[in-house]
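# Overview (structure and organization)
In case you want the letters, here they are:
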Amino acid sequence: MARNGTVRAVRKPTRRTEVGRGERVVPGVWRLRLPLPWPGIPHCNAWALAAGDGLVLVDCGLDEPGAMRELERAMEQVGLRLADVRLLVGTHAHVDHVGQAAALQARTGCGFWLHPRHEHLAVLSDDAAGELSRRIEIARQSGVPEEPLQRWAASRRAQRPGLAGPLAPDRDLVAGAVVESDVGPWTVYETPGHAPSHVVLHQPERRLLISGDHVLGRIALYFDHGWTPAPVGEFLASLDTVERLDVRLSLSGHGRPFTDLPGHVRANRELVAQRLEAVLAGLRERGEAAAFELLPDVYGEHSPGMAAWLLTKVLCYLEHLERRGLVRRTEGAPQTWAAVDASDDRPGVPAPVSDPP
Ligand SMILES: [Zn+2]
Ligand SMILES: [Zn+2]
């Protein structure tokens with residue numbers, strides 16, 4: 001999941017009722033379930049890997065009061081010590097996954113590996129006010145009315161960033177990098193789309209995949225908007241990447257480990273195709289529309305608190321369809337969009353809309 005997209009959902013923090021829990025997945029690999037103060041997303045997963053006389057931790061959770069204690073509690077439940085963490089590996093730069101990185105580095109002196117395209121999170125510590133202004137402007141251009149927009153902005157200003165300090169990785173986690181552990185080496189594959197910095201880790205002998213938020217047990221889509229030209233196309237290409245891997249068990253960023261990765265990959269592709277079709281159908285119906293107007297066409301009834309989150313995705317779908325030549329921007333403020341119909345001067349038959357660019 002992401003809470004640092006271009007336009008973020010207004011979700012009031014709830015009182016945390018969950019606590020950190022640990023469980024062994026296979027000998028030498030533990031799931032650490034860390035509570036999140038977000039409605040509908042009660043926890044995220046960190047993964048502890050035995051590695052010689054220490055531990056590798058994959059992801060470490062959101063920074064908020066008491067969060068380090070919950071991580072420690074989850075580790076203690078399975079007989080692990082925070083002090084033994086030698087290396088932190090981030091699946092991607094979202095606050096629920098690497099929010100505590102700076103605090104963990106300070107506490108343990110561990111190394112920190114992260115994909116270099118992490119500016120989408122770094123901006124929260126470098127220029128939070130500028131980033132919020134940018135998001136407000138995009139929302140305004142997308143047709144969000146002024147009153148709910150200002151309400152959203154005020155709630156964002158009041159929200160904790162979830163980041164313990166500036167991200168300071170000491171190694172770039174890029175394709176082909178290897179993370180050593182007692183169960184064997186884990187190979188890194190770049191899987192941008194959900195976030196530009198997303199990677200997965202594959203352990204071929206045990207047929208394990210640490211899939212982060214790229215493929216979750218529950219089919220749920222999110223793409224960071226505004227950092228790369230084609231997040232939806234990148235996401236689809238990244239589904240191809242993991243589909244080629246031999247995987248028995250996927251260890252995802254939220255929820256329980258799951259089997260049947262190919263089935264989950266297919267379901268993700270189908271949901272993307274469905275959403276793209278809904279965006280197109282909405283545009284055909286309306287003739288011309290701002291992105292914000294399309295939310296009910298794509299998602300039906302939704303709570304106002306989800307609007308910013310959903311708008312981010314609709315913008316990504318529109319830009320994907322634009323790259324495919326299926327929609328075009330029209331002049332005006334707010335920015336509006338229109339479907340490119342058969343009478344437009346476009347050769348050939350439309351390609352399936354879910355194809356990567
Ligand atoms: Zn995420
Ligand atoms: Zn997440």
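Residues numbered from 1 in each chain as written. Chains lettered and ligands numbered in written order. Predicted model: local features only at pLDDT ≥ 70, side-chain atom pairs only at ≥ 80, totals over all residues. Heavy atoms only, no water.

### Description of the sheet that holds strand S2 (residues 29-38)
Reading across the sheet, the 7 strands line up as S1-S2-S3-S4-S5-S6-S7 and stay open at both edges, with mixed pairing between neighbours. A single partner strand is all that each edge strand has here, and the edge strands are strand S1 (21-26) and strand S7 (171-172). Where strand S4 (residues 54-58) and strand S5 (residues 85-89) come together, 4 bridges link them in parallel fashion. Looking at the pairing, Leu57 lines up with Leu88 of S5. Docked against the sheet, helix H1 (residues 67-77) engages S1, S2, S4 and S5, running at close to 150° with respect to S2. Lying on the sheet, helix H3 (residues 101-108) is in contact with S4, S5 and strand S6 (111-114); it crosses S5 at an angle near 165°. (Pairing = 2+ DSSP bridges. Helix = DSSP H or I, 4+ residues; strand = E, 2+ residues; numbered from the N terminus. Contact = heavy atoms within 4.5 Å. Axes fitted to C-alpha atoms, helices over the stretch in contact; angles between N-to-C directions.)

### As for the state of the cysteines
Tallied over the full model, the rule gives 0 disulfides. Here Cys44 is not disulfide-linked; the sulfur of Cys60 is the nearest cysteine sulfur, at 8.4 Å. Relative accessible area serves as the criterion here: at 1%, Cys44 is assigned to the buried category. The structure places no disulfide on Cys60, whose sulfur is separated from the nearest cysteine sulfur, that of Cys110, by 8.1 Å. Judged by its relative accessible area of 0%, Cys60 is buried. (Disulfide = S-S within 2.5 Å. Buried < 20%, exposed > 50% of the residue type's maximum accessible area, 1.4 Å probe, protein only.)

### Some details on unusual backbone geometry
Following Ala333, the chain continues into Pro334 via a peptide bond in cis, with omega recorded as 0°. As for its position among the elements, Pro334 is in the loop between strand S14 (327-330) and strand S15 (336-339). Positive phi outside glycine occurs at Arg207, with the angle close to 55°.

### Points about the pairing of S14
As defined by bridge partners, S14 adjoins S15 across 4 bridges and the pair is classed as antiparallel. Bridge assignment links Arg329 to a residue of S15, and that residue is Trp337. The hairpin formed by S14 and S15 contains 5 residues between the paired strands, and Gly332 there has a positive phi angle of roughly 130°.

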